[in-house]
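# A structural walkthrough
One letter stands for each residue in the lines below.
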Amino acid sequence: MATDLAKAAKERGIKYFLISYTDLFGAQRAKLVPAAAIAGMQKSGAGFAGFATWLDMSPADSDLFAKPDPESLIQLPWKPEVGWLAADLFMDGKEVEHAPRNLLKRLIGKAADRGWEMKSGVECEFFLTTTDGQAISDPSDTHEKPCYDQQALMRRYDVITEICDAMLALGWGPYQNDHEDANGQFEMNWNFGPALQTADQHAFFKFMTKSVAEKHGLRATFMPKPFMNLTGSGCHAHVSLWKGKTALFEDESGELGVSALGYSFIGGLIHNADAICAMTNPTVNSYKRINAPRTTSGATWAPNSVTYTGNNRTHMIRIPDPGRFELRLPDGAANPYLLQAALLAAGLDGIDNKRDPGQRLDINMYVDGHTVKDCKKLPLNLFDALRAFEASSVLKEQLGDEFVTAFAKLKTVEWNAYARHLTQWERDNTLDC
Ligand code: ADP
Ligand code: MG
Ligand code: MG
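Calculation rules
Residues numbered from 1 in each chain as written. Chains lettered and ligands numbered in written order. Predicted model: local features only at pLDDT ≥ 70, side-chain atom pairs only at ≥ 80, totals over all residues. Heavy atoms only, no water. Helix = DSSP H or I, 4+ residues; strand = E, 2+ residues; numbered from the N terminus. Rg over C-alpha atoms; globule rule 2.2 N^0.38 Å. Buried < 20%, exposed > 50% of the residue type's maximum accessible area, 1.4 Å probe, protein only. Areas by Shrake-Rupley, 256 points an atom, 1.4 Å probe, with all protein chains shown as cover. Lys, Arg positive; Asp, Glu negative; His and termini not counted. Charge placed at Lys NZ, Arg CZ, Asp CG, Glu CD. Donors = N, O, S within 2.8 Å, 3.2 Å for Na, K, Ca; no water. Salt bridge = Lys/Arg side-chain N within 4 Å of Asp/Glu carboxyl O. Polar contact = N/O pair within 3.5 Å; in protein donor to acceptor, adjacent residues only side chain to side chain. Contact = heavy atoms within 4.5 Å. UniProt positions renumbered as here; feature names shortened; annotations may be inferred. Pairing = 2+ DSSP bridges. Axes fitted to C-alpha atoms, helices over the stretch in contact; angles between N-to-C directions. Near = heavy atom within 4 Å. Patch = residues over 30% accessible without salt bridge, like charges linked within 9 Å, V, L, I, M, F, W, Y side chains within 5 Å. Expected span 1.5 Å × (residues − 1). Phe/Tyr/Trp six-rings, centres within 6.5 Å; stacked < 30°, edge-to-face > 60°.

### Here we look at the overall build of the protein chain
Helix and strand counts for the protein chain stand at 13 helices and 18 strands. Compactness check: the protein chain gives a C-alpha radius of gyration of 22 Å against a globular reference of 22 Å for 433 residues, within 12% of the reference. In terms of overall dimensions, the protein chain has C-alpha extents of about 65 × 50 × 50 Å along its principal axes. Every one of the 433 residues in the protein chain was classed for burial, and the buried ones make up 55%. Carbon and sulfur atoms make up 52% of the accessible area of the protein chain, which amounts to about 19,200 Å² in all. Averaging the coordinates of the 45 positive side-chain charges in the protein chain and doing the same for the 54 negative ones gives two points 3 Å apart.

Here it is in C-alpha cells:
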C-alpha cells in the first residue's frame, strides 16, 4: 500500500490524483490534483467550500480540507494515469464529525475498542439505461421473468466484463455477474471485507460502473425505483463480526448456526429499523421500492415489514448461512459510508442492550404477511423515516448529535422541496374536486 503518494505516482505512472469525498447525500466530490502537487495535499488536504456540497456548513465557514487516505488509492482501471483517493474531512484543524467517512471510522473505532471488526459485503444492483435515463438501454430485454436472462446478459458483455476485469485486477475477488429481476437490471458480486474497505469499494464501484457505462454510450443508475412496474434496485448488505479470525456470529448450537451475540445484533437492527431507514433508504424514491406493490416479475424482492427469517427472501433480514445475515432493506441510493455506519450503530445498540429480535418467521411475507400480529411496518415515505431518525435516542448516542442534526436538517430541506412539487397525479385526481 502506498504511504508516500508522490513516490507512488512516480512508480506507477500516475499523472493526476482525484482527491474524493462523499457528502451526506452520497455525491462524490473531488479535486483533480497533478502528481507534482500531491505531496503538499497529502499533508494538508485539498481545499473545498463545504457549503457548496451537501454538508451542514455555511458560506461564511472557513476552508474544508479533504485529506486523502493513501490506503484507499485506486488507479482508475479505465484511465490508469489517474489515482482515486477517498478522503477524510477537516475544518479549522478538527475532524468534521458529520462527514460520512469520518463518522464510519468513529463507529469502527467503537467496535475496535472491544476487539471487534465488522465485515460486510454489498450487492449493488443497477440499471443500464439510455443516456437520458428514460428507458432501459436494451429494447430486446422484455421478458416477464428476466432474472438471470443469459441472452440479455450477454448483450451487455462488454460493459459487465470491463467492470469485472477491473475488479479482478484490483484484487476485490469478484465471483459472479448476473441479469437481475428487472428488465435492464444487473448485479455484480465481489468478496466481503472490513466495513471501511467495503464502503470505499462501494463508493468506487458506483463511480466505476457509471464511468464505464458512459464510455459505452449508456447510463448506469442505482436509483431505487426508476420504473414503477419493475423490481427496484436494492443494496443488500451481508454482515459478520470478527475477533481476529474468530467469527463471532457463528455458533453451531445456535438456531441456524447464529450465536447469541449475532441475535443481539439482529435485535438491534429490528429495534432500530425505522430509525435507520433514513440512512439505508435515503431518498423520496426509496419508498417506492420498499412497500411496493407486486412487480411484473411476480415479486418485489424488497421488504415492507420489520421481520427476520432463515433462507427466505421475503423478509427484511435473511439468515442464509451460519455466522452471517443479510439486511435486505438498503437500496441503491444508500450512501456507502452511512450504510455501514447505520449497521454498526444499530448492531452495537443491539449488543449493548441485549435486544431480543423476537420470533423468527418462516412464512412467505408477500402472501401471509397480514397474518402476523403486531408486525412493525417500515416507514411509508422519507418524511416518516426522517421523523423516526430524528427521534431516535439510540442514533443520537451512537452517531452523535452533530451528525443526526446535520443529516435530518439537509434531508428535511430535500423533503420540503419534493412536497412543494406539483405533480400530474394531483391534477388528474383533484382538478374536478
Ligand atoms: P445473495 O444474492 O444470495 O444475497 P450474493 O452472492 O449476491 O448473495 O452476495 C453475498 C454477499 O455477501 C457478497 O458480497 C459476499 O462476499 C458477502 N458475504 C459472504 N459471506 C459473508 C460473511 N461471512 N460476512 C459478510 N459478508 C459475507
Ligand atoms: Mg445477490
Ligand atoms: Mg441478496
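### Points about the coordination of the magnesium ion (ligand 2)
Around the magnesium ion (ligand 2), the protein contributes the donor atoms Glu123 (OE) and Glu187 (OE), at 2.0 to 2.2 Å from the metal centre. Separation of the magnesium ion (ligand 2) from the magnesium ion (ligand 3) amounts to 4.0 Å, with Glu123 serving as a shared donor to the pair. Residue Glu123 is located in strand E8 (residues 117-124), and its partner Glu187 is located in strand E11 (residues 185-190); the two are separated by 64 residues in the primary sequence. Exposure class is identical for Glu123 and Glu187. Each is buried.

### Focus on the pattern of salt bridges
The final tally for this structure, using the stated rule, is 18 salt bridges. For Lys411, the salt bridge goes to Glu414, with nearest N and O atoms at 2.8 Å. Note that Lys411 and Glu414 are positioned in helix H12 (residues 401-419) at a spacing of 3 residues, about one turn of the helix. Each of Asp69, Asp88, Arg101, Lys105 and Asp200 takes part in salt bridges that share partners, so that together they form one network.

### Thoughts on the side chain of Arg328
Secondary-structure assignment places Arg328 in the loop between strand E18 (324-327) and helix H8 (336-352). Within polar-contact distance, the side chain of Arg328 engages the side chain of Glu326 at 3.1 Å. Setting aside its immediate chain neighbours within four residues, Arg328 contacts His236, Arg289, Trp301, Pro303, Arg313, His315, Met316 and Arg318.

### Observations concerning the UniProt feature "domain: GS beta-grasp" (unreviewed entry) in the protein chain
Here, UniProt's "domain: GS beta-grasp" (unreviewed entry) annotation points to residues 12-94. Spanning residues 12-94, this segment combines 10% helix with 47% strand, and its end C-alpha atoms are found 32 Å apart.

### What about the coordination of the magnesium ion (ligand 3)?
Bound to the magnesium ion (ligand 3) are the protein donor atoms Glu123 (OE), Glu123 (OE), His236 (ND1) and Glu326 (OE), situated 2.0 to 2.7 Å from the metal. If you list the donors of the magnesium ion (ligand 3) from N- to C-terminus, the spacing comes out as E-x112-H-x89-E. Judged by its relative accessible area of 1%, Glu326 is buried.

### Considerations on the side chain of Asn335
Mapped onto the elements of the fold, Asn335 is located in the loop between E18 and H8. Only 2.8 Å separates the side chain of Asn335 from the backbone oxygen of Asp23, close enough to count as a polar contact. In terms of polar contacts, Asn335 uses its side chain to reach the backbone amide nitrogen of Tyr337, at 3.0 Å. For Asn335, the contacting residues outside a window of four places in its chain are Thr22, Asp23, Leu24, Phe25, Gly26, Pro100 and Met279.

### A look at the sheet that holds E11
Taken together, 4 strands build an open sheet; the order of strands is E10-E11-E9-E13 and the sheet is antiparallel. Lying at the two open borders of the sheet, with one neighbouring strand each, are strand E10 (174-179) and strand E13 (219-221). This sheet shows a mean twist of 30 degrees between the axes of neighbouring strands, independent of strand direction. Pairing of E10 with E11 involves 5 bridges; the strand directions are antiparallel. Looking across to E11, one finds that Pro174 is bridged to Trp190. Relative to the sheet, helix H5 (residues 157-170) contacts strand E9 (126-129), E10 and E11, its axis offset from that of E11 by approximately 15 degrees.

### Description of the UniProt feature "domain: GS catalytic" (unreviewed entry) in the protein chain
Using the residue numbers shown here, the UniProt feature "domain: GS catalytic" (unreviewed entry) corresponds to residues 100-433. Across residues 100-433 one finds 42% helix and 15% strand; the C-alpha atoms that close the span lie 46 Å apart.

### Looking at the pairing of E9
Neither face of E9 is left uncovered, since the one carrying Phe126 and Leu128 and the one carrying Phe127 and Thr129 both have all their residues buried. Pairing analysis gives 2 bridges linking E9 to E11, with the strands arranged antiparallel. Bridging from a neighbouring strand, Phe127 pairs with Gln185 of E11. Where E9 meets E13, 3 bridges bridge the pair, whose relative direction is antiparallel.

### Brief notes about the site of ligand 1
Around ligand 1 sit 19 residues, and of these Glu123, Tyr175, Phe192, Ser240 and Glu326 come closest. At a separation of 3.0 Å, an oxygen atom of ligand 1 approaches a polar backbone atom of Trp190. A distance of 3.2 Å separates an oxygen atom of ligand 1 from a polar atom in the side chain of His238. Within the residue set of the shell around ligand 1, elements represented by two or more residues are E8, E10, E11, strand E14 (235-243) and E18.

### Points about a negative patch on the surface
A cluster of acidic residues, Glu95, Glu97, Asp401 and Glu402, forms a negative patch on the protein surface. Here Asp401 shows up in helix H12.

### Overview of helix H6 (residues 195-215)
Given a rise of 1.5 Å per residue, 21 residues ought to cover 30 Å, and the 30 Å separating the end C-alpha atoms of H6 matches this to within 8%. For H6, the buried fraction is high: 16 of the 21 residues fall into the buried class.

### Things to note about the packing of aromatic side chains
Two measures describe an aromatic ring pair: the distance that separates the ring centres and the angle between the ring planes. This model, assessed by the stated rule, comprises 23 aromatic pairs. Between Trp78 and Phe207 the ring centres are 5.3 Å apart and the planes differ by 75 degrees, which places this aromatic pair in the edge-to-face class. Here Trp78 is found in the loop between strand E5 (74-76) and strand E6 (79-91), whereas its partner Phe207 is found in helix H6, with 129 residues between them in sequence. Ring geometry for Phe205 versus Phe222: centroids 6.2 Å apart, planes at 75 degrees, classification edge-to-face. With Phe205 in helix H6 and Phe222 in the loop between E13 and E14, this pair connects stretches of sequence that are 17 residues apart. The residues Phe205 and Phe222 share a single accessibility class, namely buried.

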